[in-house]
Structures are given as structure tokens and as C-alpha cells.
Amino acid sequence: MSVHSYPKLEIRLDYLRENTEKIVKLASEFGIEITGVIKGATGIPECSLMMEEGGAASIASSRIEQLIDAKNAGVKIPLIMLRIPMISEAEDIVRYCDISVNSEIEVLKALNKEAISQGKIHKVLLMAELGDLREGFWERYEIQEAALMVEEGFDGLYLQGVGVNLGCYGSLDYTVDKLEELIQIAEDIESAIGRKLDWISGGSSRTIERLLEKDIPKRINHFRVGEAPLLARDLETYHGYDMSFLHKDVFTLKAEVIEVKNKPSYPFGTISVDAFGNKPHYEDRGVRKRALLGVGKADYGSSIENIFPHVEGVKIIGASSDHTILDIEDVAEDIKVGDVLSFNINYGSMIFLTSSRNVVVELIKK
Ligand SMILES: *Cc1c(COP(=O)(O)O)cnc(C)c1O
């Protein structure tokens, strides 16, 4: 039990379930199965349960401990390890996960050995590198060889399919071209192994763009989505899609006002660097009304651009580890010490807020 009430992160679990339901329904119209990705919310087990209730066919994370938590919380659907397993965690991957994402033969060998010794068949999804330059086999012959090896040489593994991830490092979009390239890779593998692959895994939340445009190539049949059910922000912010069919307020950050004063907007004295060694720019706007909040970068991460005030006119002008400074000169309502202000969050701040022991997480289900 926490000794303080704020900062608080409210999570509307019912909204998360409803978002998952809507995405599952939309995807099913195109024959696509949905995996719910929980890493953005640091694998809070109730979030996994809500995605399961909302119709996700499986749950995925980049962190094994979050998948173990999901299992312990009673999640029944398959669990997927989304980051290439470390060889050192092969035993736990096989023990706790049904499927893992892979791009290295050495890792596949380790998983195979573990699966055989645990008497299990572990499923693998092979990742193709299509230009985003994070994980994936680069040369076409390499993924083909790996697929054949899994299919014919590794008794402990089952080849579930192939997948791609874009938009994480190289900022690439899931264009029709890229998805068709993935299908080509899949079909070459299918001819080589003489059967259909279970999954051609087209991507993450941003692939939902292809459903909204109704131009998703036919053979894509699996998506792995976290950002869309949790936040529903990216496709609207970066691509201009109307995402109002989803709740954009699954998460609300609440912080308490600890000081309200009129102060100059330009620091006085000898200016060098701030608490983080940076040299920020200060604009002299004269004396302004400001509020100080009991929340800071230790809670929501390194940028004040990761939280968005609900109250109109509130402007975040700076922050240190444990304080956030607001300009409230232009705010109509009277903000007082002890008031609690609400904020929307984004992916960056979600990761910090859900994993910080400074933040009280309140799970709400209406
Ligand atoms: C994080 C991740 C996802 C989910 O991405 P979202 O943008 O949260 O939908 C899907 N696939 C892989 C491989 C990932 O690492």
C-alpha cells in the first residue's frame, strides 16, 4: 500500500477491453487475428486479462517477466515473446511462452534443445528485415534456410510463420509494398516446406492504417498491437486518422498542485545548466502566474512533451526530477494549492508511469 495518493495513474480497464473488442472486430473483417501487446503498460496483469476478455487471441511482451505475470494472473490464451530471446533465457522462454519471435540460428538451436529437454514443442515466428533495421533476417536465403531448418531439423520447434516489424527504429510505414514483400517471403518458404504457414504477421498498431484504407494484402492474417488498444494516439497524431472509434483515455495521469505563485519567467542570476546538465532556452515574458506540481521526470520520463494537460490554457514550461512547472496565467479557472490536475499521456510516458514506484496505479472498471 502506498503512503501517498498522487501522482496517480488511473487506468480504465473497461475502456481497454472495449478498445480491444473494436480492434478485434475490425481485424476479423479482414481475416486477421489479433495479439494484444502489453509491454507499453509494463505488463500490468489486469491489462492482459482485459485484452483477453476483449477477444485478443494471444498476449505478447518483450519481457519474459511480464508474460510470467500474465500466466500467474490467469491468462489462458497463448503467450508470445516479442523480443528475440536471449540465449540465457531460453529455458524460461520455453517454460512460460508458447511462441517466440526469432532471427538467429544460434537462438533457435538453444530453444530447440530446451524444448526437447522439457518435452515440449515451442513455436517460432521468423522475422524478416524489410528496412526498418531493427530485428530480422536480412538476406532472403537466410530466412529460407532458417525456416527449412526449423521445419525439418529441429524436433522441438514448430514454424508458426513469418513476420515483420516496421516503424520502431527506421520510422518506416507499413505500406502495401512492404507487406507484399513479406507475403512473397512467406510464399517462397511455403513452397520450400510444402505447407501453408499459420501466420503471416503483418505488424504492429500502425498496420491498422491498412485496415482503415481497406488495402491490406489478402494473405496477411496476424497483427501484434499494443499502442492502439492502450492509447489510440499514433495513427491520429502522425497519420491524421480519426481514431475516435477507440477510447483515447484509457490512462489519465493525476498530479497535485504544491505551489501557486506569480514569478518572473526569466531566471535571475548567473545561468549555466539545469538539473540534467542541459542549457534550456528561457523566454522573458515578464511576471506570470505559475503552478508547481508534485510530479516530475522521475515519474513520466525525460520530456515534458510526453504529458498533455486537460485544462485549457495550462502550459508546461519545464520540469526537474520531481517537479513540473506550469504557466497558468491564461487559465480561466482558479487553480489552487491542493488541486489535482489531469493529463493525457503517450507511449513514452506510459512506459515510465506504469513502471514507477512513485506512481500510484488505480485500476478502474465500470
Ligand atoms: C512492441 C512490438 C509490437 C507492438 O507495437 P505497438 O506499436 O505497441 O502496437 C509488435 N511487434 C513487435 C515485434 C514489437 O516489438
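Going by the structure above, here's the rest.
Just so it is clear, the model here is predicted, and its values are computed rather than measured.

Enquirer: Can you help me understand the overall build of the protein in this one?
Expert: A tally of regular secondary structure across the protein gives 12 helices and 16 strands. For the protein, the spread of C-alpha atoms along the principal axes amounts to about 75 × 45 × 45 Å. A fraction of 65% describes how many contacts in the protein between residues 6 or more apart in sequence connect residues 24 or more apart. Of the accessible surface of the protein, which amounts to about 17100 Å², a share of 49% is contributed by carbon and sulfur atoms. With 42 positive and 59 negative side-chain charges, the protein shows a separation of 4 Å between the mean positions of the two kinds.

Enquirer: Explain unusual backbone geometry to me, please; I cannot follow it from the model alone.
Expert: Peptide bonds are trans in most cases, and residues, glycine excluded, mostly fall at negative phi. The step from Y6 to P7 runs through a cis peptide bond, and the omega angle for that step is -5°. Mapping P7 onto the fold places it in the segment before β1 (8-12). The phi torsion at T42 lies on the positive side, around 50°, for a residue other than glycine. Looking at where T42 falls in the secondary structure, it is placed in the loop between β2 (33-37) and α2 (45-53). Positive phi values are uncommon outside glycine, yet S171 reaches one of about 60°. Mapped onto the elements of the fold, S171 is located in the loop between β7 (157-163) and α7 (176-193). Taking the relative accessible area as the measure of exposure, S171 reaches 57% and is therefore exposed.

Enquirer: Can you walk me through the pattern of salt bridges in this structure?
Expert: Any two side chains of opposite charge can pair, on the condition that their charged atoms come close. Applying the stated rule across the entire model yields 22 salt bridges. A salt bridge links D334 to K289, with the nearest nitrogen and oxygen atoms 3.8 Å apart. Pair noted here: D334 is in the loop between β14 (324-327) and β15 (340-345) and K289 is in strand β11 (residues 287-293), with a separation of 45 residues, a long-range link.

Enquirer: I keep staring at the site of the ligand and nothing clicks. Help me out?
Expert: With respect to spatial proximity, 13 residues lie near the ligand, and among them K39, S205, R224, G226 and E227 are the closest. A distance of 2.5 Å is found between an oxygen atom of the ligand and a side-chain nitrogen or oxygen belonging to S205. Interatomic distance of 2.8 Å between a side-chain N/O atom of R224 and a nitrogen atom of the ligand. When each cavity is represented as a set of grid points, the ligand is found to reside in the second largest pocket. Looking at the shell around the ligand residue by residue, the class counts come to 4 nonpolar, 4 polar and 5 charged.

Enquirer: Where do I start with the layout of surface pockets in this structure?
Expert: To find leftover empty space, a probe the size of one water molecule is rolled over the atoms. Computed from the structure, the largest pocket encloses a volume of approximately 820 Å³. What lines the largest pocket is a set of 26 residues, and nearest its centre among them are S265, Y282, I317, G318 and I325. Elements with a contribution of two residues or more to the lining of the largest pocket: β10 (251-264), β13 (315-319) and β14. Considering every element that reaches the lining of the largest pocket, the biggest residue donor is β13, with 5 residues. Class assignment for the residues of the lining of the largest pocket results in 13 nonpolar, 5 polar and 8 charged. As a volume, the second largest pocket reaches approximately 530 Å³. The wall of the second largest pocket is formed by 23 residues, among which K39, R134, N165, C168 and S204 lie closest to the centre. Each residue belonging to the lining of the second largest pocket can be placed in one class, and the counts come to 9 nonpolar, 6 polar and 8 charged.

Enquirer: What's the story with the nonpolar core in this structure? I'm lost.
Expert: Generally speaking, soluble globular proteins have nonpolar side chains that are buried together. Counting 109 residues, the largest nonpolar core has L126, I189, I220, F223, F251 and I345 as the members making the most contacts within it. The contacts of F223, once residues within four sequence positions are left out, are I32, E33, I34, T35, G202, G203, T207, I208, L211 and I216.

Enquirer: Please clarify how a negative patch on the surface should be interpreted in this entry.
Expert: Taken together, the side chains of E104, E139, E142 and E145 present a region of like negative charge at the surface. Assignment of secondary structure puts E104 in the loop between β5 (99-102) and α5 (105-118).

Enquirer: It is not clear to me how the pairing of strand β8 (residues 199-203) should be interpreted in this structure. Could you clarify?
Expert: For a regular strand, side chains alternate in direction, first toward one face of the sheet and then toward the other. The buried fraction of β8 amounts to 5 of the 5 residues, a majority that puts the element mostly inside the structure. Relative to β8, β7 runs parallel, the two being bridged by 3 bridges. Opposite G163, over in β8, you have S201 as the bridge partner. Since β7 and β8 lie parallel, the crossover through α7 that links them has a hand, and here it is right-handed.

Enquirer: Would you mind going over the environment of L253 with me for this structure?
Expert: Mapped onto the elements of the fold, L253 is located in strand β10. The buried category is assigned to L253, whose relative accessible area is 0%. Not counting the four nearest positions on each side in its chain, L253 is found in contact with P7, K8, L9, I307, L341, S342, F343, I345 and L353.

Analysis parameters
Residues numbered from 1 in each chain as written. Predicted model: local features only at pLDDT ≥ 70, side-chain atom pairs only at ≥ 80, totals over all residues. Heavy atoms only, no water. Helix = DSSP H or I, 4+ residues; strand = E, 2+ residues; numbered from the N terminus. Contact = heavy atoms within 4.5 Å. Areas by Shrake-Rupley, 256 points an atom, 1.4 Å probe, with all protein chains shown as cover. Lys, Arg positive; Asp, Glu negative; His and termini not counted. Charge placed at Lys NZ, Arg CZ, Asp CG, Glu CD. Buried < 20%, exposed > 50% of the residue type's maximum accessible area, 1.4 Å probe, protein only. Salt bridge = Lys/Arg side-chain N within 4 Å of Asp/Glu carboxyl O. Near = heavy atom within 4 Å. Polar contact = N/O pair within 3.5 Å; in protein donor to acceptor, adjacent residues only side chain to side chain. 1 Å grid on protein atoms, 1.4 Å probe; cavity = no way out; pocket = protein on both sides within 12 Å on 5 of 7 lines; lining within 4 Å. Sits in = over half its atoms within 2 Å of the grid points. Nonpolar A, V, L, I, M, F, W, Y, C, P; charged D, E, K, R; others polar. Points joined across faces, edges and corners; volume = space filled by probe spheres on them. Core = buried A, V, L, I, M, F, W, Y, C linked by side-chain atoms within 4.5 Å. Patch = residues over 30% accessible without salt bridge, like charges linked within 9 Å, V, L, I, M, F, W, Y side chains within 5 Å. Pairing = 2+ DSSP bridges. Right-handed = clockwise from strand over helix to strand, strands pointing away.

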